[in-house]
Amino acid sequence: MATTTDVAAPKETLYEREARSVSKLAHLRFFPLAVTGGKGATLRGDDGRILIDFSASWGAASLGHSHPAIRSAVDAALRDQAGASYLSSANLPAIELAEMLLDLGPARATGRVWLGHSGSDANETTSRVVRAVTGRPGILAFEGAYHGGTSGSMAFSGHPSQQEARSQHLTLVPYPTSSAESTLRVIDDAIARKPDYFGAFFIEPIQSDGGMLVPPPGFFEAVQRRCRDNGILLVSDEVKVGIGRTGVLHAFQNFGIEPDVLVLGKGLGGGLPISAVIGPEWLMNDRAGFSFQTLHGNPVCAAAAAAVLRTIDREKLLSNASKVGYCLKESLNELAARQPAIAEVRGVGLALGIELRNEALPGVTARELTARVVYRAFQLGLVVYYVGVNSNVIEITPPLNISHEEAMRGVEIIERAIEEVVSREIDLDGYQQFDGW
Ligand SMILES: Cc1ncc(COP(=O)(O)O)c(C=O)c1O
């Protein structure tokens, strides 16, 4: 006969256990996802559910989860480990990676490669070295741009979440929406007012955290002309949308431009922390001992990044990103045509955004509508988050090897999630606990 002491206590979820030990400082949470494993474009939740991953951890898991090429590269690098850093010794995986990046990089930037851990440290290093070497303190960037989460990278970011650390030397210009002309006038005025002041113009080829914004045709070419005419370095921050995500290796290739400096991160390491700055020798070799952290250039992460580049080529992932991305966008546009809650679908390849509007649900802001939709999508089996200066753009950045079938299943879930939220069919208790951003 069962007694009260025989009744097993309900098992604590990973989420609950985390709350008792892990700080929230780095959390950007949208629903109670706790992951115990993953394969390809899917994650396994601690409740045993298999979820389709439309985020790839914000684009970092470029080859999906547990890819054999990354596993064997990491295993080989650890089996006979050539130290843990490139600060005070050279190592083969870091050199090989740098050589590959120079071979693949833009001609103007082909000089030397700096290796770091994250998009933030790479952008911070770029802005510091540009200032130090050119003697020009000013930086131009876009309103809404996210260039990192360290003080030095927040200093020249325009995203609303980063106001606290903005530099007095930063000039933010409005992102061009329908027409480029007014933004170009602002840029011209800023340069004319302070000649020889700006050292760099940071762009994201697609402004992702600002809302997956794609500039109007010809805009970046006009920006590039202004940079070249005025001795300003054009820096392409491709941390989120580079390394194959848009169907070409480098996102700037979509826009007929060639940056002076290319910044890579996230997907470069396929889930391991590594970033890179590729720039001309006069800039990247001006001085030593200038920007380093102990584990920079470690052979394990460098080997993983080289495996990512080789796998993109071997598995024809540029073509997959472009084909599956095209079908995804088509299906989402069809959905937009029958779902008034969708204001716009935009993006290139596997860097897509779905902007939601609030007309669909009177009394509920677009931000709240979006928070509810991603929460419901999670309940239905899809991991997808939102971005945007108004927090109302669902961001789709899945692994580059996601299949057509997985992509279409994700669209079905998004469709059902929007329908159920808009029609108030389901009781979404719980989403309010998640702050998002
Ligand atoms: C365009 C861009 N640059 C830089 C960063 C910062 O990268 P990390 O968070 O890896 O430091 C991000 C992160 O979202 C990004 O989207």
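Below, the structure is looked at part by part. (Residues numbered from 1 in each chain as written. Predicted model: local features only at pLDDT ≥ 70, side-chain atom pairs only at ≥ 80, totals over all residues. Heavy atoms only, no water.)

1. Some words on the overall build of the protein
For the protein, the helix and strand inventory stands at 13 helices and 15 strands. Relative to its length of 437 residues, the protein is compact, with a C-alpha radius of gyration of 22 Å against a globular reference of 22 Å. Burial status across the protein gives 55% buried among its 437 residues. Contacts spanning at least 24 positions in sequence make up 73% of the contacts within the protein whose residues lie at least 6 apart. Here the protein displays about 19,000 Å² of accessible surface, and carbon together with sulfur accounts for 50% of that area. (Helix = DSSP H or I, 4+ residues; strand = E, 2+ residues; numbered from the N terminus. Rg over C-alpha atoms; globule rule 2.2 N^0.38 Å. Buried < 20%, exposed > 50% of the residue type's maximum accessible area, 1.4 Å probe, protein only. Contact = heavy atoms within 4.5 Å. Areas by Shrake-Rupley, 256 points an atom, 1.4 Å probe, with all protein chains shown as cover.)

2. Notes on the packing of helix H7 (residues 181-193) against helix H8 (residues 219-229)
One can describe the packing of H7 onto H8 by two numbers: an axis separation of 11 Å at closest approach and a directional angle of 10 degrees. Comparing their axes, H8 and H7 come out roughly parallel. Here Thr-183, Leu-184, Ile-187, Asp-188 and Ile-191 of H7 come into contact with H8, specifically with Phe-219, Ala-222, Val-223 and Arg-226. Looking at the contact of H7 with H8 residue by residue, the class counts come to six nonpolar, one polar and two charged. (Axes fitted to C-alpha atoms, helices over the stretch in contact; angles between N-to-C directions. Parallel < 35°, antiparallel > 145°, perpendicular 65-115°, else oblique. Nonpolar A, V, L, I, M, F, W, Y, C, P; charged D, E, K, R; others polar.)

3. A few points about the site of the ligand
In the vicinity of the ligand there are 13 residues, among which Ser-120, Tyr-146, Asp-209, Asp-237 and Lys-266 approach most closely. Between the ligand and Ser-120 there is a distance of 2.5 Å, counted from an oxygen atom to a side-chain nitrogen or oxygen. Here an oxygen atom of the ligand sits 3.1 Å away from a polar atom, N or O, in the side chain of Asp-209. Burial of the ligand by the protein chains amounts to 85% of its free accessible area of 390 Å². Among the cavities detected, the one that contains the ligand is the largest pocket. Classifying every residue of the shell around the ligand gives two nonpolar, six polar and five charged. (Near = heavy atom within 4 Å. Polar contact = N/O pair within 3.5 Å; in protein donor to acceptor, adjacent residues only side chain to side chain. 1 Å grid on protein atoms, 1.4 Å probe; cavity = no way out; pocket = protein on both sides within 12 Å on 5 of 7 lines; lining within 4 Å. Sits in = over half its atoms within 2 Å of the grid points.)

Nothing here speaks to function; it is all geometry.
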